[in-house]
Amino acid sequence: MNVRSPDMNRRWNRKDLLGLRELSADEINFILETADAFKQVGTREIKKVPALRGKTLVNFFVEPSTRTRTSFELAASRLSADVINISASTSSLTKGETLKDTAKVLEANHADIIVLRHSSAGAPQFLAQRLKSSVINAGDGAHEHPTQGLLDLYTIREKRERIDNLNVVIVGDILFSRVARSNIFGLLKLGARVTLVGPSTLVPREFEKLGVSISHKIDNVLPDADVVNLLRIQHERQRKEYFPSIGEYTQLFGLTKERAKLLKPDCLIMHPGPINRGVEIDSEVADGLQSVILDQVTNGLAVRMAVLYLCGGIST
Amino acid sequence: MKRARALPDPMSATIIRNGRVIDPANKRDEIVDLAIVDGRIADLSAIRNPQSEVEEIDAKGLVVAPGLIDMHVHLREPGFSHKETIESGARAAAAGGFTTIVCMPNTSPAADNPSTIAWIKDRAAETGCVNVLPTSAISKDLAGEELAPIGSLKEASVVAITDDGHCVQNHELMRRAVEYARMFALPVLDHCQDYNLVGNGVVHEGYWSTLLGLPGWPAAGEEAIVLRNILLAELCDHHIHCQHVSAAGSMRLLREARARGVKISGEVCPHHIALTDESIQNFDTNFKMNPPLRSQRDVDALLEGIADGTLSILASDHAPHAEFEKEVEFDAAPFGVVGLETELGIFIDLLVHKHGKIDIRRLIEMYTIEPARLLKIEAGTLSSGAVADVTLIDPNLEWAVKIDTFQSASRNSPFNGWKLKGRAVRTIVSGKTVWKL
Amino acid sequence: MDAAAIQRALRRVAHEIVERNPDLRSVVLAGIPSRGVEIARRMAEFIRASEKIDIETGIVDVAMHRDDVGARAELPVVRASKLPLPLEGRTLIIVDDVLYTGRTVRAAMDAISSFGRPARIQLAALIDRGHRELPIRADYVGKNLPSAASEKVRVRLEQTDGEPDAVWLFKE
């Protein structure tokens, strides 16, 4: 059969996607190549393929999320998998059942793929070690959000045709951000130069040990940037002691119209959403020509189809 | 000190032959026979008299040490007997070579009143195969708000006060507790953790917490309270002992204070020198304890602290938890690991064999006369006439940790499968062998 | 089969395609990766040489349309399909190296219909080794190669495999 590559198993043999830190550059590239094929499905008249027909995917969201859950749901539908959504309020976790027991019940109901969003770092590892089902991390605490990292990589690669040697600036709350971590791990593996920018309380210096740069002066780093990825400043999770006010944050780190003029014309502006307009980014900049924020959403679908196909398609 | 155990039948005698007797209290280290008559250490001449029955133990190649003391153990009774009971914890102690264990007051109800202490002592006398010495809380219900009835607790014969598992945050309250305890010559033990600095931290704040996105527990959170305790020990002129010291900065503070003669001391746990925070990368909750596993730099500092005497006491912080409690998300899991059955092996293997930081003689001191002096208990010596608590140690025996064989009711050890050199082979309490390999 | 025999077979198939499709401008040669794509390219060259017409080619990836994903230990690599759109009114010729059970062709037809509705679909294969499991037959065959189910057919093409062109039958 000529569609089978003899080195498929060499390039991908994981049942789970837990984070980008554990993946090799080749594995990341393979997901991105696979996503190319699935992105093309979105251009077809019939946007559905039977690749995961008969498989059951459970969107198990212990922490609320609309975008990521919807994206996974759509990705699964396009692959013809059956989808069940379970949120914290509908799960037995609220009745005191442990995560392990809830997951065992899902597995006993023949869930082939469990997409887990959880407020505790390491919760997907916990499940993956205990279940035969595929476990896909849809965000665990401040740890990783691998599909977001992958869709960011995919978008950069699509727009700039490479990732190595690009200057990528990540701005905002790095300390509590799983998006930042997955981006850092993925970008470094693919050879990008990463600079973290934000208040010193929210940018841990330990990241320098991975080879990233840290700056607290955004105006100094914008002129050399090929990509600026702005993270959402989360009021709800921030305690007062990390920075004095949203106003001071915007003044020091917000990508305002004036600051956007410092950027190279081909610099990409990214944001994982949802955007706080006027806080981390000015409205005009978010909607401007350099913004690829909506491409990120579209690519998220292709990347998640690729991940579900690769992790969920293997017979267990 | 009241003995929890009844003495054996009269006229029983045991002779331990050809062992290397190390008795730091009497500065003895020689190959000699050791006699036990009627549950007490006796002169060899006593045994030459005709006896009805003499048990002979061949200790060739073994170290004959005073019964070891672990002054930091959680026995979980009353309240959490699904984790451990006094009976199972005492068996674990015996299997680890310990004849005396000091249990912490964070039970349910908390051991902050004489009746709970009396209950624990009764229970230990009934079911415990080793000596169990209770501590009581510093503050009522370990809440850090008002003093526990320290005078009545002293009457109930607790050996020390501590809020272990918790830490009195109010420096004024701590000051008064230390001052008050001084009146009874009751040592104060402290779990050093500044709640504001530590917050919801679950692992050492550093490289791994940053990579894994787990809430960090900074070393400064321990060091701040170690410093507080040094200041209060000076202010009140009374001894404060810092439990399970884990950070390099604590080492510097303790070293400097001890050099000035401040009544301050520190203990070290096996996991804090055997492991670093790198072990948490698979989110295995058997590596979650409080204080957390720290960096290699901290481990190196602890090893230096052991070598130069800054840390004077070895202890396990034996903290059993049931499997279902540990099998949860990392930040939801309880802190703590079991240690009674692995600590001696780890310390001999690492401190004596691998790193050569101390010799076996100093190691025995840190498990016997050091805690005995601190707690003012009659234990940890092989003096003639002393109660015959004896541990036989084979410092060169190679063995592997198997959690399935633990006497403890819990299995939450990070050391399963570790190959170690050195362990206890026989534990004798009041002249009676309570455990042997 | 050696390189010369393969070229002869492909030239003949290309000739048959020309004969049976008077409106060559509506024809698309859609290769199944990776050797089918190369065979389609070669046939397009033959047609260009003889008819002076640039016939359109495309790629139809079948991996995500297979009916056995999840049942196999090894996952097929998916690639993007590439077809000239719209397909309405066109004649799509699926090109593959070996026609065997017919399941790949069925998957290819599914993939094509998700892009649109061509006027007709035909099938060209370099080798037909028999053993069909579905009611599918080729419109153009380079060579019929009767084989036992226990035997394997191996095709090598210089451009896809880095080895000289060859086809042979062997037993494991």
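As shown above, the structure is provided for reference.
Procedures and definitions
In every chain, residue numbers begin from 1 and rise along the written sequence. Chains and ligands are labelled sequentially in the order written, the chains with letters from A and the ligands with numbers from 1. Thresholds applied to this predicted model are a pLDDT of at least 70 for local features of residues and 80 or more for the giving and counting of side-chain atom pairs; totals over whole chains, interfaces and linings are not thresholded and use all residues. The basis for the side-chain values is all heavy atoms of the structure; hydrogens and waters are excluded. Think of it this way: any DSSP run of H or I at least four residues long counts as a helix, any run of E at least two long counts as a strand, and we number them from the N terminus. The contact criterion used is simple: two residues touch if any of their non-hydrogen atoms lie within 4.5 Å. Any N or O atom pair separated by 3.5 Å or less is treated as a polar contact, with the protein-specific requirement of one donor-capable and one acceptor-capable atom, and with residues adjacent in sequence counted only for side-chain atom pairs. Lining residues are those with an atom within 4 Å of a point, where the points come from a 1 Å grid over the protein atoms alone and group into cavities, where a 1.4 Å probe fits but cannot get out, or pockets, open sets with protein on both sides within 12 Å along at least five of seven lines. Grid points are joined across faces, edges and corners, and a volume is the space filled by probe spheres set on the points. At least two bridges found by DSSP between two strands are what make those strands a pair. Interaxial angles span 0 to 180 degrees and are taken between N-to-C directions of axes, which are lines fitted to C-alpha atoms, for helices over the stretch in contact. When a carboxyl oxygen of Asp or Glu lies within 4 Å of a side-chain nitrogen of Lys or Arg, that pair is called a salt bridge. Three exposure classes are used, based on accessible area relative to the maximum for each residue type with a 1.4 Å probe and protein chains only: buried under 20%, partly exposed in between, and exposed over 50%. Only the six-membered ring of Trp is used, alongside the rings of Phe and Tyr, when aromatic pairs are assigned; centres must lie within 6.5 Å, and planes under 30 degrees apart are stacked while those over 60 apart are edge-to-face, with the rest tilted. Note on geometry: a ring has a charge over it if NZ (lysine) or CZ (arginine) is within 6 Å of the ring centre and within 35 degrees of the ring normal. A crossover counts as right-handed when, viewed with the strands pointing away from the observer, the path leading from the first strand over the helix to the second turns clockwise. Each of two parts loses accessible area, computed with a 1.4 Å probe, when they are put together; buried area is these two losses added. In this tally, Asp and Glu contribute negative charge and Lys and Arg positive charge; neither His nor the terminal groups of the chain are included. Here the nonpolar core consists of buried residues drawn from Ala, Val, Leu, Ile, Met, Phe, Trp, Tyr and Cys, with membership extended through side-chain atoms lying within 4.5 Å.

**Some words on the environment of Arg162 of chain A**
Residues and elements named next belong to chain A.
Here's step 1: Structurally, Arg162 can be placed in the loop between helix H6 (146–160) and strand E5 (167–171).
Here's step 2: Considering only alpha carbons, one finds Arg162 and Ala88, 74 residues apart in sequence, at a separation of 39 Å.
Here's step 3: Setting aside chain neighbours within four positions, we find Arg162 in contact with Ile156 and Arg157.
Here's step 4: Only 2.7 Å separates the side chain of Arg162 from the backbone oxygen of Asp164, close enough to count as a polar contact.

**Observations regarding empty space enclosed by the protein**
Residues and elements named next belong to chain B.
Here's step 1: What the rule picks out here adds up to 2 cavities of 30 Å³ or more.
Here's step 2: Its volume calculated, the largest cavity comes out at about 50 Å³.
Here's step 3: Taken together, Ala95, Gly96, Leu340, Glu341, Thr342, Glu343, Leu344, Gly345, Trp399, Arg423 and Ala424 make up the full set of residues lining the largest cavity.
Here's step 4: Among the secondary structure elements, those contributing two or more residues to the lining of the largest cavity are helix H2 (86–96), helix H13 (343–354) and strand E16 (419–429).
Here's step 5: With 3 residues, H13 is the single largest residue contributor to the lining of the largest cavity.
Here's step 6: The space that makes up the second largest cavity amounts to roughly 30 Å³.
Here's step 7: Along the walls of the second largest cavity sit His318, Val338, Gly339, Leu340, Glu341, Thr342, Phe406 and Ser408, which together make up its complete lining.

**Topic: the sheet that holds strand E2 (residues 82–87) of chain A**
Residues and elements named next belong to chain A.
Here's step 1: Strand order in this open sheet of 4 strands is E2-E1-E3-E4, and the pairing throughout is parallel. Each edge of the open sheet is held by one strand with a lone partner, namely E2 and strand E4 (134–140). Mean inter-strand twist for the sheet, computed between neighbouring axes without regard to direction, equals 15 degrees.
Here's step 2: As defined by bridge partners, strand E3 (residues 113–118) adjoins E4 across 5 bridges and the pair is classed as parallel.

**Some words on the pattern of salt bridges**
Here's step 1: All told, the structure shown has 56 salt bridges over all chains when counted by the stated rule.
Here's step 2: When the shortest N-O distance is used, the salt bridge between Asp349 of chain B and Lys354 of chain B registers 3.5 Å.
Here's step 3: Given a relative accessible area of 7%, Asp349 of chain B falls into the buried group.
Here's step 4: A salt bridge links Arg42 of chain C to Glu38 of chain C, with the nearest nitrogen and oxygen atoms 2.8 Å apart. In this pair, Arg42 of chain C and Glu38 of chain C are both assigned in helix H2 (residues 35–51), 4 residues apart and thus about one turn of the helix distant.
Here's step 5: The class for Glu38 of chain C is buried, based on a relative accessible area of 6%.

**Side note on unusual backbone geometry**
Here's step 1: Cis geometry is found at the peptide bond from Gly273 of chain A to Pro274 of chain A, where omega equals -10 degrees.
Here's step 2: Of the consecutive residues Asn290 of chain B and Pro291 of chain B, the connecting peptide bond is found in the cis state with omega at 0 degrees.
Here's step 3: For Pro291 of chain B, the position within the fold is in the loop between helix H10 (270–274) and helix H11 (296–307).
Here's step 4: Residues other than glycine seldom take positive phi values, yet Ala185 of chain B does so here, at roughly 55 degrees.
Here's step 5: Positionally, Ala185 of chain B belongs in the loop between helix H5 (171–183) and strand E9 (188–190).
Here's step 6: If you check the backbone angles, Phe283 of chain B has positive phi at about 60 degrees while not being a glycine.
Here's step 7: Positionally, Phe283 of chain B belongs in the loop between H10 and H11.

**Section: the packing of aromatic side chains**
Here's step 1: Enumeration over the complete set of coordinates arrives at 10 aromatic pairs over all chains.
Here's step 2: Considering the side-chain rings of Phe415 of chain B and Trp418 of chain B, the 4.8 Å spacing of their centres and the 80 degrees angle between planes classify their relative orientation as edge-to-face.
Here's step 3: Owing to a relative accessible area of 1%, Phe415 of chain B belongs among the buried residues under this scheme.
Here's step 4: Taking the relative accessible area as the measure of exposure, Trp418 of chain B reaches 27% and is therefore partly exposed.
Here's step 5: An aromatic cluster is built from Phe243, Tyr249 and Phe253 of chain A, whose rings are joined through pairwise contacts.
Here's step 6: A cation over an aromatic ring shows up here: Lys83 of chain B above the ring of Phe80 of chain B, its NZ or CZ 5.7 Å from the ring centre.

**Regarding the pairing of strand E3 (residues 91–99) of chain C**
All names here are of chain C.
Here's step 1: Counting buried positions along E3 yields 9 of 9 residues, so the element is predominantly enclosed.
Here's step 2: Bridging between strand E1 (residues 27–31) and E3 involves 5 bridges; their strand directions are parallel. Following the sheet pairing, Gly31 is matched in E3 by Val95.
Here's step 3: Here 8 bridges tie E3 to strand E4 (residues 120–128), and the two strands are oriented parallel to one another. Among the inter-strand pairings, Val95 is bridged to a residue of E4, identified as Ala124.
Here's step 4: Viewed along the sheet, the connection from E3 through helix H3 (residues 103–115) into E4 turns out right-handed.

**Points about the interface of chain A and chain B**
Here's step 1: The partner chain B presents 16 residues to the 22 residues of chain A that form the contact.
Here's step 2: In total, chain A and chain B occlude about 1,600 Å² of area from one another, counting both sides; carbon and sulfur atoms represent 57% of this.
Here's step 3: A per-residue breakdown of the area chain A buries against chain B is headed by Arg21, Ala121 and Glu206 of chain A, which together make up 30% of the total.
Here's step 4: At the boundary of chain A with chain B, the tally comes to 6 residue pairs in polar contact (both at pLDDT 80 or more).
Here's step 5: Put simply, the parts of the chain that give the side of chain A that touches chain B at least two residues each are helix H4 (99–108), helix H5 (123–130) and helix H7 (178–189) of chain A.

**Focus: the environment of Ser215 of chain A**
Residue and element names in this part refer to chain A.
Here's step 1: You can see Ser215 is positioned in strand E7 (residues 213–215).
Here's step 2: Taking the C-alpha atoms as reference points, Ser215 and Gly122, 93 residues apart in sequence, are found 29 Å from one another.
Here's step 3: In this structure, Ser215 is in contact with Thr195, Leu196, Val197, Gly198 and Val221, ignoring residues within four places of it in sequence.
Here's step 4: Within the structure, Ser215 has its side chain in polar contact with the backbone nitrogen of Lys217 (distance 3.0 Å).

**Thoughts on the side chain of Asp317 of chain B**
All names here are of chain B.
Here's step 1: You can see Asp317 is positioned in the loop between strand E14 (313–314) and helix H12 (323–326).
Here's step 2: Despite being buried, Asp317 has no salt bridge partner; Arg76 is the closest side chain of opposite charge, sitting 7.0 Å away.
Here's step 3: Side chain to side chain, Asp317 and His74 meet in a polar contact 3.1 Å long.
Here's step 4: Discounting residues that sit within four places of it in the chain, Asp317 has contacts with His72, His74, Asp164, His244, Cys269, His271, Asn290 and Val337.

**Side note on the pairing of strand E7 (residues 98–103) of chain B**
Residue and element names in this part refer to chain B.
Here's step 1: With respect to burial, E7 is a largely interior element, 6 of its 6 residues being buried.
Here's step 2: Pairing analysis gives 4 bridges linking strand E6 (residues 68–73) to E7, with the strands arranged parallel. Residue pairing across strands places Asp70 opposite Ile101, the latter belonging to E7.
Here's step 3: The parallel pair E6 and E7, bridged by H2, forms a crossover whose chirality is right-handed.
Here's step 4: Where E7 lies against strand E8 (residues 131–134), 4 bridges are found, and the strand directions are parallel. Bridge pairing in E8 places Ile101 opposite Val132.

**A closer look at the layout of surface pockets**
Here's step 1: Estimates place the volume of the largest pocket at around 1,200 Å³.
Here's step 2: As for the largest pocket, its lining consists of 36 residues, and the residues nearest its centre are Leu175, Phe176 and Tyr242 of chain A together with Glu205 and Gly216 of chain B.
Here's step 3: Secondary-structure elements contributing two or more residues to the lining of the largest pocket are helix H6 (195–198) and helix H7 (207–212) of chain B.
Here's step 4: The greatest single-element share of the lining of the largest pocket, amounting to 3 residues, is contributed by H6 of chain B.

**With respect to the nonpolar core**
Here's step 1: Counting residues in hydrophobic clusters, the biggest one holds 173 residues, and the most contacted among them are Phe38, Leu150, Ile170, Leu196 and Leu308 of chain A.
Here's step 2: Considering each element in turn, this core owes the most residues, 10 residues, to helix H12 (residues 293–312) of chain A.
Here's step 3: If we ignore the near neighbours within four places in the chain, the residues touching Ile170 of chain A are Ala180, Asn183, Ile184, Leu187, Val194, Thr195, Leu196, Val197, Asn229 and Leu231 of chain A.
Here's step 4: Grouped together as the second largest cluster of nonpolar side chains are 30 residues, Phe46, Ile53, Ile93 and Leu126 of chain C included.

**Quick word on the sheet that holds E14 of chain B**
Residues and elements named next belong to chain B.
Here's step 1: Spatial ordering of the open sheet is given by E9-E12-E13-E14, a layout of 4 strands whose pairing is parallel. Strands with a single pairing partner mark the edges of an open sheet, and in this sheet they are E9 and E14.
Here's step 2: Direction of pairing for strand E12 (residues 240–242) relative to strand E13 (residues 264–268): parallel, over a ladder of 3 bridges. The residue of E13 that forms the bridge with Cys242 is Gly266.

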